[in-house]
Amino acid sequence: MPRRRRGARPAAVVALLLALLVAAGALVTAGGAGAGGPAVTVRTPDGGLVARVPLDGDRFAVGYRNSIYGTLAEERYRVLRDGRFALVEIAAEQVAVLEEYYAVPGPPRPARPGDRLDHVAEPDPARPAVFDVLNIAATDLGERTLYVPGADPVPIWRLVTGEDPTVLLEIEE
């Protein structure tokens, strides 16, 4: 029986491990965040990436602290086939935010069990809100937070570090 050289086996193991790592990296790139599917992105006005969250479905929300009432509210969006997104529901801790601030045409209703907020309403169908890009101010006062199902909440207001709190939210492939 021929004798093996001592260094051959560890070298083969290292080569195999490197090949597996390269293959795993290719799988993560092909199917993971940032590749292939649509994502909600948050950018500074000069194009700097603040956050990118892959979509698992066609829904996302932007939550904030209402500056008039001081309570939490949320605008909920559905991504359209053409890459734009439409406001489909508004949620709030207080009914007054929905009735007075948003002036929704119908009565607010209690949120579903497990919802982040207490009350929900549909936006005014006479004034559809459809966006290519949503321009928002990510300030400490407003505490803007991005919610994408299946992902951790993204506290946008904590990620904006420059003097200009303006961010642009859009759907990107």
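First, a word on what this report is: a plain description of the structure on this page.

So, how was this worked out
- Residues numbered from 1 in each chain as written.
- Predicted model: local features only at pLDDT ≥ 70, side-chain atom pairs only at ≥ 80, totals over all residues.
- Heavy atoms only, no water.
- Helix = DSSP H or I, 4+ residues; strand = E, 2+ residues; numbered from the N terminus.
- Contact = heavy atoms within 4.5 Å.
- Buried < 20%, exposed > 50% of the residue type's maximum accessible area, 1.4 Å probe, protein only.
- Polar contact = N/O pair within 3.5 Å; in protein donor to acceptor, adjacent residues only side chain to side chain.

Structurally, Tyr101 is set in helix α2 (residues 95–101). Apart from residues no more than four positions distant in its own chain, Tyr101 is found in contact with Tyr64, Asn66, Ile68, Tyr69 and Ala96.

Relative to the elements of secondary structure, Leu72 occurs in strand β4 (residues 72–79). By relative accessible area, Leu72 is classed as partly exposed at 29%. Measuring from C-alpha to C-alpha, the distance between Leu72 and Asp118 comes to 9.8 Å, with 46 residues separating the pair along the chain.

The next thing to look at is the side chain of Arg76. Within the element layout of this structure, Arg76 appears in strand β4. Of note is the side chain of Arg76, whose polar atom sits 2.7 Å from the side chain of Glu74. Apart from residues lying up to four places away in sequence, Arg76 is in contact with Phe60, Ala61, Ala86, Leu87, Val88, Glu89, Ala91, Arg112, Asp115, Leu117 and Val120.

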